[in-house]
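An overview of the molecular structure
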Amino acid sequence: MPIATPEQYAEMLDTAKAKGFAFPAFNVSSSQTLNAVLQGLTEAGSDGIIQVTTGGADYFAGHTVKARATGALAFARFAHEVAKNYPITVALHTDHCPKPALADFVFPLIEASEAEVKAGRNPIFQSHMWDGSAVPLGENLEIAKEILPRMKAISAILEVEIGVVGGEEDGVSHDINDSLYTTLDDAIATVEALGLGEQGRYMAALTFGNVHGVYAPGNVKLRPELLKDIQDGLAAKYSTGAKPLDLVFHGGSGSTDAEIAEAVANGVVKMNIDTDTQYAYTRAIADYMFSNYDGVLKVDGGVGNKKQYDPRAWGKVAETAMAVRVGESTRQLGSAAQSITA
């Protein structure tokens, strides 16, 4: 199916919230990892979100060239074309854009979508993330407040991070400490600045002990019950229905099924997946290379085996292994067999 229209993306998120599941959002950095996500989602009968970070976009543009907006547009154009061949619906998203990268990442991409919409077409990306976790909350929300009307005008969704995710991802790094927990006051400040949809739709990545990467057991203390406390507090203050915010779960690698299920039950509609799929992809390549050592290398003056060192040979293995991990995520989050195209 073609990439989701704004209306289809809204339907995806609304359906997830109404039915109590979440969509996996997979970070990709190459055509192979993108194809692996499409393969895995199709095999699971799940819609999903495919996203790219600043570092991923840099890599798409060519690792010797720093042109992340170009890389993000190349990613999107490739995705728009190849997704037509798969019977599921996917949305495109840009992940973790800190303040220094707004000018050469998110803003040029919004401008590109503005031109598309002006010409009567859909936005290139269906959502963008502004990551203001490294600046004070007031500044974070002021910048979000400036971006949100532009997103509304192109029928796209803004993702904001309210709180701090520990660990490191593409140069955005935070310590693991008590600042990893968003408060109700933080969420109230967010609603006061951005509204509850009337100024434009947004998703909020509230933090409840989340950490990027993988850490030994006991180093990270997730408290998904905080999400319920915040949702209930907002519902009471603003007289809304249950779970007024669309929530995003970052830094979920290593989380238990119970922790994920509780977060989803409290309003998470999007969960980022990166570390686990990276490992699945690379682990398969390592296994292939060790298992076909004499074929992929010209050992002791030999000629190797072209069929084995052809990048397509080990690429297919890696893509399929990553696709399996993609499928696991859809089942863990409940999006498997829930495609709106079914």
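This report concerns the structure included in the present document. (Residues numbered from 1 in each chain as written. Predicted model: local features only at pLDDT ≥ 70, side-chain atom pairs only at ≥ 80, totals over all residues. Heavy atoms only, no water.)

**Points about the overall build of the chain**
Going by this rule: Secondary structure elements follow DSSP: runs of H or I no shorter than four residues count as helices, runs of E no shorter than two count as strands, and numbering proceeds from the N terminus. As a reference, a globule follows 2.2 Å times the number of residues to the power 0.38, and the radius of gyration itself is taken over C-alpha atoms. Throughout this description, buried means an accessible area under 20% of the type-specific maximum (1.4 Å probe, protein chains only), exposed means over 50%, and partly exposed covers the range between. The contact definition used throughout considers only heavy atoms, calling two residues in contact when any of these lie within 4.5 Å. Surface accessibility in these figures is a Shrake-Rupley result with a 1.4 Å probe; residues are shielded only by whichever protein chains are displayed. The charged-residue count follows a simple rule in which Lys and Arg add positive charge and Asp and Glu add negative charge, with His and chain termini not counted at all. The atom standing in for a charge is NZ when the residue is Lys, CZ when it is Arg, CG when it is Asp and CD when it is Glu.
Across its full length, the chain holds 13 helices and ten strands. Rg of the C-alpha trace for the chain: 20 Å, near the compact-globule value of 20 Å for 342 residues, within the 12% margin. Principal-axis analysis of the C-alpha atoms gives the chain an extent of 75 × 50 × 40 Å. For the chain, the proportion of its 342 residues judged to be buried stands at 53%. Across the chain, every contact between residues at least 6 apart in sequence was considered, and the portion connecting residues at least 24 apart equals 75%. For the chain, the accessible surface area stands at approximately 14,600 Å², while carbon and sulfur atoms represent 53% of it. Across the chain, 27 positive and 42 negative side-chain charges occur, with their mean positions spaced 6 Å apart.

**Here's the deal with helix H5 (residues 106-118)**
This is how the line gets drawn: For a helix, the expected span equals 1.5 Å multiplied by the number of residues minus one. Here the arc refers to the set of directions running from the helix axis out to each C-beta atom.
Taking 1.5 Å of rise per residue, the 13 residues of H5 would be expected to cover 18 Å, and the 18 Å separating its terminal C-alpha atoms lies within 8% of that figure. For H5, the complete set of buried residues consists of Val 106, Leu 109, Ile 110, Ala 112 and Ser 113. Considered in projection along H5, the buried side chains sweep an arc of 160° and stay on one side of the axis. Buried residues belonging to H5 abut helix H4 (68-82), strand E3 (90-94), strand E4 (127-130) and helix H6 (137-153). Among the residues trailing H5, Gly 120 stands out with phi positive, at a value near 90°.

**A short note on the packing of H6 against helix H7 (residues 184-194)**
Convention followed: Axes here mean lines fitted to C-alpha atoms, for a helix over just the part in contact, with angles spanning 0 to 180 degrees between N-to-C directions. Here is the rule for angles: anything less than 35 degrees is roughly parallel, anything more than 145 is roughly antiparallel, 65 through 115 is roughly perpendicular, and the remaining ranges are oblique. Two helices that cross are described as forming a left-handed crossing if the nearer one is turned anticlockwise from the farther one by less than a right angle, and a right-handed crossing if clockwise. Lys, Arg, Asp and Glu make up the charged group, whereas Ala, Val, Leu, Ile, Met, Phe, Trp, Tyr, Cys and Pro make up the nonpolar group; the residues left over, Gly among them, are polar.
The N-to-C vectors of H6 and H7 enclose an angle of 30°; their axes lie 9 Å apart at closest approach. One way to sum up the angle between H6 and H7 is to call them roughly parallel. Relative to H7, H6 is oriented so that their crossing is right-handed. Counting all contacts with H6, which are made through Leu 137, Leu 141, Ala 144, Lys 145 and Leu 148, the residues of H7 involved are Asp 186, Ala 189, Thr 190, Ala 193 and Leu 194. For the contact of H6 with H7, the residue count by class is seven nonpolar, one polar and two charged.

**Section: the pairing of strand E10 (residues 268-273)**
The following threshold applies: At least two bridges found by DSSP between two strands are what make those strands a pair. Clockwise travel from the first strand over the helix to the second, with the strands pointing away from the viewer, marks a crossover as right-handed.
Of all six residues making up E10, six are buried, and the element is well covered by its neighbours. Of the pairings in the sheet, the one linking strand E1 (residues 23-27) to E10 comprises four bridges and is parallel in character. Bridging across to E10, Phe 26 finds its partner in Ile 273. In terms of strand pairing, strand E9 (residues 246-249) meets E10 through three bridges, oriented parallel. From the neighbouring strand, Leu 247 faces E10, where its bridge partner is Val 268. Remark: the E9/helix H9 (residues 257-265)/E10 crossover connection has right-handed handedness.

**Structural notes on the environment of Leu 109**
Position of Leu 109 among the secondary structure elements: in helix H5. Remark: the alpha-carbon pair of Leu 109 and Leu 73, spanning 36 residues in sequence, is separated by 7.5 Å. Once you skip the residues sitting within four places of it in the chain, Leu 109 turns out to touch Ala 69, Ala 72, Leu 73, Thr 94, Phe 125 and His 128.

**Thoughts on the sheet that holds E4**
Strand pairing within a sheet occurs via backbone hydrogen bonds; the two strands may be parallel or antiparallel. Reading around the circumference, E1-E2-E3-E4-E5-E8-E9-E10 is the order of the eight strands in this closed barrel, with parallel pairing throughout. Direction aside, the axes of adjacent strands within the sheet are offset by 25° on average. The pairing of strand E2 (residues 48-52) with E3 spans five bridges and is classified as parallel. Among the inter-strand pairings, Gln 51 is bridged to a residue of E3, identified as His 93.

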